[in-house]
Amino acid sequence: MTPDSPQQPEASLEALEITEAECRRCGTLIAGLDGRYACPVCGWVNHWSEGHGALPAGSDDPDASNRLS
Ligand SMILES: [Zn+2]
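A brief look at the structure comes next. Because the structure is predicted, anything quoted here is derived from the model rather than measured.

Turning our eyes to something else, we now look at unusual backbone geometry. Despite not being glycine, Asp34 has its phi angle at roughly 55 degrees, a positive value. Inspection of the secondary structure assignment puts Asp34 in the loop between strand E2 (29-33) and helix H2 (64-68). Under the relative-accessibility criterion, Asp34 is labelled partly exposed at 30%.

As structure tokens, then:
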């Protein structure tokens with residue numbers, strides 16, 4: 001290990017697509033992931049279908065059986 005070696009948390013963050021947009025309700029500049037946004041100021045969120053990637057189905061959630069029981 002050298003002091004110049006890259007740190008793993010930063011490397012993994014670069015793999016995520018972080019985008020910015022204005023909140024459509026209050027205009028605050030907010031950051032999102034893969035086209036999905038949530039405004040911390042007014043609580044606005046964009047529609048799930050505006051995300052860049054497909055959402056996992058409910059059956060893909062390992063906790064689904066716990067929630068439905
Ligand atoms: Zn807002």
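This is not the end of the story, as more comes after the structure.
Attention now goes to the coordination of the zinc ion. Protein coordination at the zinc ion comes from Cys23 (SG), Cys26 (SG), Cys39 (SG) and Cys42 (SG), with a distance range of 2.3 Å. Taken together, the four donor atoms coordinating the zinc ion and their angles of 102 to 116 degrees define a geometry best described as tetrahedral. In primary sequence terms, the donor set of the zinc ion follows C-x2-C-x12-C-x2-C. According to the relative accessible area criterion, Cys26 is partly exposed, its value standing at 38%.

Rules of the game
Residues numbered from 1 in each chain as written. Predicted model: local features only at pLDDT ≥ 70, side-chain atom pairs only at ≥ 80, totals over all residues. Heavy atoms only, no water. Helix = DSSP H or I, 4+ residues; strand = E, 2+ residues; numbered from the N terminus. Buried < 20%, exposed > 50% of the residue type's maximum accessible area, 1.4 Å probe, protein only. Donors = N, O, S within 2.8 Å, 3.2 Å for Na, K, Ca; no water. Tetrahedral: all angles 85-135°; square planar, octahedral: opposite > 155°, others 65-115°.

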